[in-house]
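Listed below, chain by chain, are the residues.
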Amino acid sequence: MNRSNRSVGDNDLHENVVGFWGLVSQSLAGMAPSCDVVAFMTAGAAFALVALPLSYLLAFGLMFIEVNTLYHLSKDRASAGGYYSYVSAGLGPKASLLTGFMVIFYQTLSVAGIPVYIGGVFLPVKS
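Predicted model, so just to flag it, every value in this text is computed and none were measured.

Chemist: Quick question: what am I supposed to make of the overall build of the protein chain here?
Modeler: The secondary structure content of the protein chain amounts to five helices and zero strands. Put simply, the protein chain has 127 residues, and 9% of those count as buried. Partitioning the contacts of the protein chain with sequence separation of at least 6, the portion at a separation of at least 24 is 48%. Entry remark: accessible area of the protein chain is about 10,400 Å², with carbon and sulfur atoms responsible for 72%.

In C-alpha cells form, the structure reads like this:
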C-alpha cells in the first residue's frame, strides 16, 4: 500500500498480535546482549584496564544512536516485525530474510561464548 493511500489508523498495530508469553520470550531475547555485557565485564577489564569506563561511555553513545534511529523508524512503520520489517521496507524481502539468518548466527555465537567465559573464570588452569 502506498503511503499516500494510507489512512491515519493504518499505522497502528492490531490488537492481540503478540500474546503475553511471546512478549516475555522477546524480552528475554532482547536482554541477552545486556547480559553478555555484564558477564564479559571482567574480560573487558583485563584488556581495557583503566579505559573500561570510557569504553562503556562510548558504547552507550553508540547504542543511543541506534535506539534513536529505531525510534524514528518505528514512528513511520509500526510493526511487530522489528528489524525485519524495516529491512524489508527499505531493501526488500530477500534482504529481510538475510537479516533473519544473521540474527540466528549472532544468537548462536552469543550463547556459545557463555561456556567459554564460565570455563575461564570459574575453572582456572593450574600451572
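Having seen it, we continue.
Chemist: I'm lost on the side chain of Ser96 in this one. Help?
Modeler: Its place among the elements puts Ser96 in helix H5 (residues 93-122). You can call Ser96 buried: its relative accessible area is 13%. The residues touching Ser96, leaving out its near neighbours within four places in the chain, are Tyr84, Val87 and Ser88.

Chemist: What am I meant to see in the side chain of Thr99 here?
Modeler: Within the fold, Thr99 resides in helix H5. A residue is classified by how much of its surface remains accessible, and Thr99, at 16% relative accessible area, is buried. Ignoring any residue separated from it by four or fewer positions in sequence, one finds Thr99 in contact with Tyr84 and Val87.

Chemist: Where do I start with a nonpolar patch on the surface in this structure?
Modeler: Judged by side-chain polarity, Leu58, Leu62, Phe64 and Ile65 come together as a nonpolar surface patch covering roughly 450 Å² of accessible area. Take Leu58: it is sitting in helix H3 (residues 52-76). A residue is classified by how much of its surface remains accessible, and Leu58, at 56% relative accessible area, is exposed.

Chemist: Looking at this structure, I do not really get helix H4 (residues 83-91). What am I missing?
Modeler: Since one α-helical turn is 3.6 residues long, residues separated by three or four positions face the same way. Residues of H4 that are buried include every one of Ser85, Tyr86 and Val87, and no others. Just past H4, the residue Gly92 takes up positive phi, approximately 105°.

Chemist: I keep staring at the packing of aromatic side chains and nothing clicks. Help me out?
Modeler: Going through the model one piece at a time under the given rule, you end up with one aromatic pair. Consider the rings of Phe20 and Trp21, whose centres lie 4.9 Å apart with planes at 75°: the pair is edge-to-face. For the residue pair Phe20 and Trp21, the accessibility class agrees, reading exposed in each case.

The rules behind the values
- Residue positions are counted from 1 within each chain, in the order its sequence is given.
- Local features in this predicted model are restricted to residues of pLDDT 70 or higher, and side-chain atom pairs are both shown and tallied only at a pLDDT of 80 or more, whereas totals for entire chains, interfaces and linings draw on every residue.
- Water and hydrogen atoms play no part in the side-chain values, which are based on all heavy atoms of the structure.
- Only runs of H or I of at least four residues qualify as helices and only runs of E of at least two qualify as strands under DSSP, and these elements are numbered from the N terminus.
- Each residue's exposure class comes from its accessible area (1.4 Å probe, protein chains only) as a fraction of the maximum for that residue type: buried when under 20%, exposed when over 50%, partly exposed otherwise.
- Working rule for contacts: check all heavy atoms of both residues, and any pair within 4.5 Å makes them a contact.
- Accessibility throughout is a Shrake-Rupley quantity obtained with a 1.4 Å probe, and a residue counts as covered only by protein chains that appear here.
- Residues with no salt bridge and a relative accessible area higher than 30% make up the patches, which join like charges within 9 Å and nonpolar side chains (Val, Leu, Ile, Met, Phe, Trp, Tyr) within 5 Å.
- The term salt bridge refers to a pairing of a side-chain nitrogen on Lys or Arg with a carboxyl oxygen on Asp or Glu at a separation within 4 Å.
- Each Phe, Tyr or Trp ring, with Trp reduced to its six-membered ring, pairs with another whose centre is within 6.5 Å; inter-plane angles below 30 degrees give stacked pairs, above 60 give edge-to-face pairs, and intermediate values give tilted ones.

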